[in-house]
Amino acid sequence: MNIFKHLLATLRLNFAISKADTALAETGERHYVMPQHGSRRLVVVDRRNFRLLRRKGYINPKATVTDMISECFYHTPYRDGSGILPPDMAAKKRKAYLRWFDRQ
């Protein structure tokens, strides 16, 4: 991946992470940064919106919340502050995002 593509990918991920953190501050619910199928866009969803998108057919009906947690590129902590993404896991998820972005 060249430097410009890497910079663009990093900026997009950082923007999505800031949107997830802002949504956590507003609603108090845990939010996830997920890839949008068929494009390089990232989507910030919570569990309720994930289930709604699955019901409407935008997400595979067989997908579960556990799948969402394992496939997301970032997630916020819970309302009480538990469930923070450890730094080593955050680094792995960031590398996974860069690989995904490069394949798109």
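Computed from a predicted model, the values in this text were never measured in an experiment. (Residues numbered from 1 in each chain as written. Predicted model: local features only at pLDDT ≥ 70, side-chain atom pairs only at ≥ 80, totals over all residues. Heavy atoms only, no water.)

Visitor: Kindly report on the overall build of the chain, identifying the contributing residues and their values.
Guide: In terms of helices and strands, the chain carries four helices and three strands. Listing each helix as α and each strand as β along the chain from the N terminus yields α-β-β-α-α-β-α. Overall, the C-alpha framework of the chain stretches about 35 × 30 × 20 Å when taken along its three principal axes. The buried share among the 104 residues of the chain stands at 31%. A sequence separation of at least 24 residues applies to 56% of the contacts in the chain between residues at least 6 apart. (Helix = DSSP H or I, 4+ residues; strand = E, 2+ residues; numbered from the N terminus. Buried < 20%, exposed > 50% of the residue type's maximum accessible area, 1.4 Å probe, protein only. Contact = heavy atoms within 4.5 Å.)

Visitor: Go over the pattern of salt bridges with me, naming the residues and quoting the values.
Guide: Opposite charge on two side chains permits them to pair, given that their charged atoms come into close proximity. Summed over the entire model, instances satisfying the criterion amount to two salt bridges. A salt bridge links Asp102 to Lys5; the nearest nitrogen and oxygen atoms lie 3.2 Å apart. Of the two residues, Asp102 is situated in helix α4 (residues 87-103) and Lys5 in helix α1 (residues 3-27); the sequence distance between them amounts to 97 residues. When its relative accessible area of 23% is taken as the criterion, Lys5 is described as partly exposed. Between Arg79 and Glu29 there is a salt bridge, and its shortest N-O distance comes to 2.3 Å. Residue Arg79 is located in the loop between β3 (74-75) and α4, and its partner Glu29 is located in the loop between α1 and β1 (31-35); the two are separated by 50 residues in the primary sequence. Overall, the relative accessible area of 59% leaves Arg79 in the exposed class. Residue classification places Glu29 among the partly exposed residues on the basis of a relative accessible area of 31%. (Salt bridge = Lys/Arg side-chain N within 4 Å of Asp/Glu carboxyl O.)

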